[in-house]
Amino acid sequence: MLKSNQNYYSVIIIGCGPAGIACAIQLKRSNIDFKIICKKFGGIANNANNIENLLGFPNGVSGQTFVSLLKQHFENLSIQFTKDNIQNISKENGDEMFHIKCENGEYYSKFLIIASGTIPKKLNLLGETELLEKNLLNYDIFNFSYQNTIKSIAIVGSGDAAYDYALNLAKFPVKIDILQRSEETKCLPLLQKRAQDNSNINIIKKIKLKSLIEDNNKIKLKAIRESKEETRYYDLIFVTVGRSPNITFLSDELYKIYRNSINLSHLYFIGDVKNKHYRQISISMGDGVKSAMKITRNPFFRKKNE
Ligand SMILES: Cc1cc2nc3c(=O)[nH]c(=O)nc-3n(C[C@H](O)[C@H](O)[C@H](O)COP(=O)(O)OP(=O)(O)OC[C@H]3O[C@@H](n4cnc5c(N)ncnc54)[C@H](O)[C@@H]3O)c2cc1C
């Protein structure tokens, strides 16, 4: 593959969440040619109700406002992103370049940054897929648009995302049940306190879900609590029971590199995709800036700029 090929870039970034965006801005400042590809601009930051731990936002900022500022930053720097779905990424032994196959095109690059974040874990319950297809169940909140037919919502989970979703949805005239499997709540104490103080939110602990089925355009949820079977009805359900690294598109060879945390000067995994328990915006952004600076210092670009 020749560098003159229109599908060749020195650097390709996968993902336009905080990690990929920070990387792109830093590369732009160093005048390095790159392409950034994603499915959803802003990534899962779009889901956040109120981001309160970001420097520069003393009063907090909603996820959607934060993402619109990131978009503005891209526009000010004339950075364009390509909306596409990555299907496969490979680099076989001996290949000089990464091969990135998307739904609508394919690209090659010398350096590759993978900032693809995470994917939600499923409940793996009977009826889950059908409810998802009918838009009665969701894992993300950014697609939610309130309709006055929605009176009751269940949120499954006990972490920050579950409580953040509940507080976000409690702005509407709806009754929200947070359904958590254990007694223990895993979210930040301040989120827990706000949920407890909100009259629209009810926290139900030690509930084990058994099945979810559609019944007259409602969700019929069967569960076990205190050894008794119970049935609950909701208009909508959100599932936030954890997230896994989003790496399904990696070739076997690249997956081995990811799994064994092998450091290479041409390939970087940044942000939530590799941060396990430390999935935060500022950490992702720091990863983005650092990977771009490492690439800039690579002899490949040093020679080019001499
Ligand atoms: C409800 C909620 C509240 C949160 N609140 C806070 C908070 O208050 N403070 C804080 O610091 N953090 C918060 N977070 C966490 C924060 O949003 C993440 O840590 C951050 O967004 C991770 O950035 P990232 O760039 O690594 O990944 P992501 O934001 O997940 O971005 C991944 C990118 O990869 C793209 N992508 C993935 N797969 C493909 C594919 N196959 N093809 C093309 N593109 C693909 C996506 O479209 C997206 O653009 C919150 C998260 C949630 C869910």
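Located above this text is the structure these notes cover.
One structure accompanies this document, and this report is about it.

Conventions adopted
- Residues numbered from 1 in each chain as written.
- Predicted model: local features only at pLDDT ≥ 70, side-chain atom pairs only at ≥ 80, totals over all residues.
- Heavy atoms only, no water.
- Buried < 20%, exposed > 50% of the residue type's maximum accessible area, 1.4 Å probe, protein only.
- Helix = DSSP H or I, 4+ residues; strand = E, 2+ residues; numbered from the N terminus.
- Pairing = 2+ DSSP bridges.
- Axes fitted to C-alpha atoms, helices over the stretch in contact; angles between N-to-C directions.
- Left-handed = near helix turned anticlockwise from the far one by under 90°.
- Contact = heavy atoms within 4.5 Å.
- Nonpolar A, V, L, I, M, F, W, Y, C, P; charged D, E, K, R; others polar.
- Near = heavy atom within 4 Å.
- Polar contact = N/O pair within 3.5 Å; in protein donor to acceptor, adjacent residues only side chain to side chain.
- Areas by Shrake-Rupley, 256 points an atom, 1.4 Å probe, with all protein chains shown as cover.

**Some details on the pairing of strand 15 (residues 236-239)**
Taking every second residue as pointing to the same face, both faces of strand 15 are buried, with Leu236 and Phe238 on one and Ile237 and Val239 on the other. In the sheet, strand 8 (residues 137-138) pairs with strand 15 via 2 bridges, with the strands oriented parallel. By the bridge assignment, asparagine 138 is partnered in strand 15 with phenylalanine 238. Relative to strand 15, strand 9 (residues 152-156) is paired through 4 bridges, and the arrangement is parallel. Of the residues in strand 15, the one forming a bridge with isoleucine 153 is leucine 236.

**Some remarks on the packing of helix 4 (residues 160-169) against helix 5 (residues 189-197)**
In the contact formed by helix 4 and helix 5, the axes pass within 10 Å of each other and the chain directions differ by 35 degrees. Crossing handedness for the pair helix 4 and helix 5: left-handed. For the pair formed by helix 4 and helix 5, the contact residues are Asp160, Tyr163 and Leu167 on the first element and Leu191, Gln192, Arg194 and Ala195 on the second. Within the contact of helix 4 with helix 5, the residues separate by chemical class into 4 nonpolar, 1 polar and 2 charged.

**Section: the site of the ligand**
Taken together, 33 residues lie around the ligand, and Lys40, Ile86, Asn246, Asp272 and Ile281 are the ones closest in. Contacts to the ligand include asparagine 246, whose side-chain N or O atom sits 2.8 Å from a nitrogen atom. Side-chain polar atom of serine 284 to an oxygen atom of the ligand: 3.3 Å apart, as the coordinates give it. Burial of the ligand by the protein amounts to 92% of the accessible area it has alone, namely 1000 Å². Put simply, the parts of the chain that give the shell around the ligand at least two residues each are helix 1 (18-29), helix 4 and helix 7 (281-296). A breakdown of the residues in the shell around the ligand according to their chemical character gives 13 nonpolar, 14 polar and 6 charged.

No statement about biological role is implied by the geometric values presented.
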